[in-house]
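Fold and geometry: a report
Take a look at the letters that make up each chain.
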Amino acid sequence: MKYIFILGYFCFIVSCLYSQDWEKKKHQMILTLKEYGIKDAKILKTMEMVPRHKFVPEPYKIYAYEDTPLPIGYNQTISQPFIVAYMTELLELKPKDKVLEIGTGSGYQAAILSLLAKEVYTIEIIPELCNQAKQKLKQLNYKNITVICGDGYKGLPQKAPFDKIILTAAPEKIPETLLKQLNNNGILIAPVGKENEIQYLYKIHKKENQIIQSKLIPVRFVPMIRK
Ligand code: SAH
């Protein structure tokens, strides 16, 4: 009995030290994001709340709070934290926003969006990743996210218009269907370009039904798959 108690106490101390370690690493990541120019305090706080290590597969967990993309299987990656923060900042999210994400991947970006908007719809084309993200987000208790398995090129007409749309896989050209599903005064953020050429991040602002487009920084994303 005594030994079981000692063993239990030992496990408790080890798990406390282990979780403190993640918190320390996560805090260090936030300092790096600030250094790289992320200013929005709400976004920094949100990134401090979401456990990236729970979205990263086992062999890469130790790198979860490094500012780097990491493999999530099926030749796909979870984006670099700086890019997640930067794209989230560009979306200018408001608490009443309805958001569409194309490319659920691990579900990490969707988790960040869900804490800053009212509802998030996210589409993933690889069924295995889609089901894993569904389970993960449910297990972590994110209630305002709907994960849809399917082709993001079509968007989600039954839930349109969206106040904000974010693409986390790169098409060669922004799909017209998605522009149509963007609300008036809405913002769409997308990496655009061919797989082996330089891609750029674009910000599209729909104002009085006119499209205003700005070309931002060069980026590297996995390509958006066409069915
Ligand atoms: N946002 C993700 C990372 C995205 S990686 C995260 O936070 O982890 C890009 C993802 O887009 C991949 O999972 C890929 O399978 C998916 N994807 C590519 N083409 C797609 C399409 N046409 N529709 C939906 N998802 C697509």
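As shown above, the structure is provided for reference.
All of these numbers come straight from a predicted model, not from anything done at the bench.

Turning our eyes to something else, we now look at the state of the cysteines. Following the criterion strictly, the structure yields 1 disulfide and no others. Note that Cys130 is cross-linked by a disulfide to Cys149, the S-S spacing being 2.0 Å. Classification of the bridge connecting Cys130 and Cys149 rests on its S-S torsion, roughly -90°, and on that basis the disulfide is left-handed. One end of the pair, Cys130, is in helix H5 (residues 127-139); the other, Cys149, is in strand E5 (residues 145-149), and 19 residues separate them in sequence. Judged by its relative accessible area of 0%, Cys130 falls in the buried class. Look at Cys149 and you get partly exposed, because its relative accessible area is 37%.

Next up on the list: the nonpolar core. Grouped together as the largest cluster of nonpolar side chains are 48 residues, with contacts concentrated most on Leu33, Ile38, Met47, Phe55 and Tyr108. When residues of this core are traced back to their parent elements, those giving at least two are helix H1 (2-35), helix H2 (41-49), strand E1 (70-73), helix H3 (81-90), helix H4 (108-114), H5, E5 and strand E7 (182-192). Looking at which element gives the most residues to this core, the answer is H3, with 7 residues. When sequence neighbours within four positions are dropped, the list of residues in contact with Tyr108 reads Met29, Met47, Val50, Arg52, Phe55, Ile78 and Val84.

Turning next to H5. For H5, built from 13 residues, the straight-helix expectation of 18 Å at 1.5 Å per residue is met to within 8% by its first-to-last C-alpha distance of 18 Å. Here H5 has its buried residues at Leu129, Cys130, Ala133 and Leu137. All buried residues of H5 project into a common sector of 100° when viewed along the axis, lining one side. Counted as exposed and oriented over 90 degrees from the buried face of H5: Gln135, Lys138 and Gln139. Buried residues belonging to H5 abut E1, strand E2 (76-78), H4, strand E4 (119-124) and E5. Note on H5: the residue one or two positions beyond its end, Asn141, has a positive phi of about 70°.

Along the chain, the position of Leu182 falls in strand E7. Classification of Leu182 as buried rests on a relative accessible area of 2%. In contact with Leu182, not counting residues within four places along its chain, are Pro161, Phe162, Asp163, Lys164, Ile165, Ile187, Leu188, Ile204 and Lys206.

What counts, and at which threshold
Residues numbered from 1 in each chain as written. Predicted model: local features only at pLDDT ≥ 70, side-chain atom pairs only at ≥ 80, totals over all residues. Heavy atoms only, no water. Disulfide = S-S within 2.5 Å. Helix = DSSP H or I, 4+ residues; strand = E, 2+ residues; numbered from the N terminus. Buried < 20%, exposed > 50% of the residue type's maximum accessible area, 1.4 Å probe, protein only. Core = buried A, V, L, I, M, F, W, Y, C linked by side-chain atoms within 4.5 Å. Contact = heavy atoms within 4.5 Å. Expected span 1.5 Å × (residues − 1). Arc of directions from axis to C-beta.

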